[in-house]
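Next come the chains, spelled out residue by residue.
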Amino acid sequence: MALETQPDYDSMSRRAVSKEWNKHVDFELRMELRKLMQDVGDKLILKFKHVRDAFRPLNLQRLGKITREEMVNFFRGFGHPEEVANRIFDLLDQENKGEIEYSVFMSHFESVLGRDFRSSAEQPPIYLEDPIHCKEVNETADMLKRRLLTRSRNMQEAFRTLDSDHDGRVSRAELRLFGKKVGVTPESCDQLFDALDVEGVGSINFLQFTRIFPEGKNVGTPRAVQTLPVPPAPQLL
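Residues numbered from 1 in each chain as written. Predicted model: local features only at pLDDT ≥ 70, side-chain atom pairs only at ≥ 80, totals over all residues. Heavy atoms only, no water.

**Q** Quick rundown of the overall build of the protein chain? Include the residues and the values.
**A** The helix and strand inventory of the protein chain stands at 13 helices and four strands. Taking all 237 residues of the protein chain together, 39% fall into the buried category. Summed over its atoms, the accessible surface of the protein chain is roughly 14,400 Å², and 52% of this surface lies on carbon and sulfur atoms. (Helix = DSSP H or I, 4+ residues; strand = E, 2+ residues; numbered from the N terminus. Buried < 20%, exposed > 50% of the residue type's maximum accessible area, 1.4 Å probe, protein only. Areas by Shrake-Rupley, 256 points an atom, 1.4 Å probe, with all protein chains shown as cover.)

**Q** Please set out the UniProt feature "domain: EF-hand" (unreviewed entry) in the protein chain residue by residue, giving values where relevant.
**A** Following the UniProt record, the feature "domain: EF-hand" (unreviewed entry) maps to residues 80–115 and 150–185 here. Each end of residues 150–185 is marked by a C-alpha atom, and these two atoms are 20 Å apart; helix forms 53% of the span and strand 6%. (UniProt positions renumbered as here; feature names shortened; annotations may be inferred.)

**Q** Any details on the packing of aromatic side chains? Residues and values, ideally.
**A** One pass over the full model with this rule turns up seven aromatic pairs. Ring geometry for Phe 206 against Phe 209: centres 6.3 Å apart, planes inclined by 40°, an arrangement best described as tilted. A residue pair is termed a helical-turn pair when its members lie 3 or 4 positions apart in one helix, as Phe 206 and Phe 209 do in helix α13 (residues 206–209) at three residues. Assessed through its relative accessible area of 12%, Phe 206 is described here as buried. Through pairs of rings, three or more aromatic residues link up here, namely Phe 74, Phe 75, Phe 78 and Phe 105. (Phe/Tyr/Trp six-rings, centres within 6.5 Å; stacked < 30°, edge-to-face > 60°.)

**Q** Outline unusual backbone geometry, listing residues and values.
**A** In this structure, His 166 takes a positive phi of about 55° despite not being glycine. Looking at the element boundaries, His 166 is found in the loop between α10 (155–162) and β3 (170–171).

**Q** Can you tell me about the packing of helix α9 (residues 131–149) against helix α12 (residues 186–196), naming the residues and giving the values?
**A** Where α9 meets α12, the closest approach of the two axes is 9 Å, and the angle between their N-to-C directions is 100°. On the basis of their axis angle, the class for α9 and α12 is roughly perpendicular. When α9 is examined against α12, the residues His 133, Glu 136, Val 137, Thr 140, Ala 141 and Leu 144 are found in contact with a partner set consisting of Ser 188, Gln 191, Leu 192 and Ala 195. The residue inventory of the contact of α9 with α12, partitioned by class, reads five nonpolar, four polar and one charged. (Axes fitted to C-alpha atoms, helices over the stretch in contact; angles between N-to-C directions. Parallel < 35°, antiparallel > 145°, perpendicular 65-115°, else oblique. Contact = heavy atoms within 4.5 Å. Nonpolar A, V, L, I, M, F, W, Y, C, P; charged D, E, K, R; others polar.)

**Q** Please provide a residue-by-residue account of the side chain of Thr 140, values included.
**A** Tracing the backbone through its elements, the reader meets Thr 140 in helix α9. Given a relative accessible area of 7%, Thr 140 falls into the buried group. Leave out the neighbours within four places in its chain, and Thr 140 touches Val 184, Ser 188 and Leu 192.

**Q** Describe in detail the environment of Leu 91, supporting the description with residues and values.
**A** Relative to the elements of secondary structure, Leu 91 occurs in helix α5 (residues 82–92). Sequence-wise, Leu 91 and Leu 29 are 62 residues apart; in three dimensions their C-alpha atoms are separated by 10.0 Å.

**Q** Got a sec to walk through the pattern of salt bridges? Specific residues and values, please.
**A** For the structure on display, the rule yields ten salt bridges. Of the charged contacts in the structure, one is a salt bridge between Asp 190 and Arg 176, with a shortest N-O distance of 2.5 Å. Here the residue Asp 190 occupies a position in helix α12, and Arg 176 occupies one in helix α11 (residues 172–182), the gap between them amounting to 14 residues. Residue Asp 190 is classed as buried on the basis of its relative accessible area, which comes to 15%. A single network of salt bridges, built from pairs that share partners, joins Arg 172, Arg 176, Asp 190 and Asp 194. (Salt bridge = Lys/Arg side-chain N within 4 Å of Asp/Glu carboxyl O.)

**Q** Explain the environment of Thr 67 to me, and be specific about the residues and the numbers.
**A** Structurally, Thr 67 is set in strand β1 (residues 65–67). By relative accessible area, Thr 67 is classed as buried at 16%. The spatial distance from the C-alpha of Thr 67 to the C-alpha of Tyr 102 is 9.6 Å, given a sequence separation of 35 residues.

So, in structure tokens, the structure goes:
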């Protein structure tokens with residue numbers, strides 16, 4: 001007996017919301033926004049080594065929110081005037097909260113850049129409120145990650161490379177020791193260690209260690225970081 005197919009209520013709901021949005025958004029405006037997002041997408045490749053670097057100014061100052069000023073600064077960086085940024089902001093800020101969801105804004109690039117685009121532009125692997133500190137810590141993490149991957153096939157082996165006494169945890173001294181071998185200063189290692197040791201117990205377990213691997217280099221590892229899915233935003237474009 002064939003299994004009864006269950007309706008995809010989430011997809012049905014998204015289509016209904018998108019249809020409702022389209023009733024209130026002029027076709028010419030939607031086409032203009034689509035062209036604008038395409039223009040930004042084309043320039044991303046030329047201006048930034050990594051896609052996520054373009055969106056860090058939007059994403060580091062607030063946890064998942066974008067203000068009007070941040071929106072204006074973002075589009076100014078791609079050669080678009082303030083009035084353009086304001087039109088987009090007003091369109092997305094339907095409830096007049098003075099801020100919009102980062103995930104909602106990012107979703108409107110999917111129609112021109114594809115769904116895989118968003119994952120490459122998400123928040124830095126290690127989020128810290130201080131943007132300068134956050135940048136430094138993630139640069140250190142990226143450097144160590146690249147060094148570890150040249151010596152290991154997956155995260156499990158990389159973790160064992162750091163865990164020199166094989167007790168299942170990485171101490172500050174062990175991280176410093178590996179950092180010294182690959183040219184990372186003790187100060188930078190300490191910054192990264194403190195960011196990963198969120199419980200303040202003086203050591204890093206495997207799950208905490210995986211935060212420096214946002215691209216999913218997870219082959220052969222016993223556990224993976226669990227993240228809550230972000231609900232899809234209404235499709236405007």
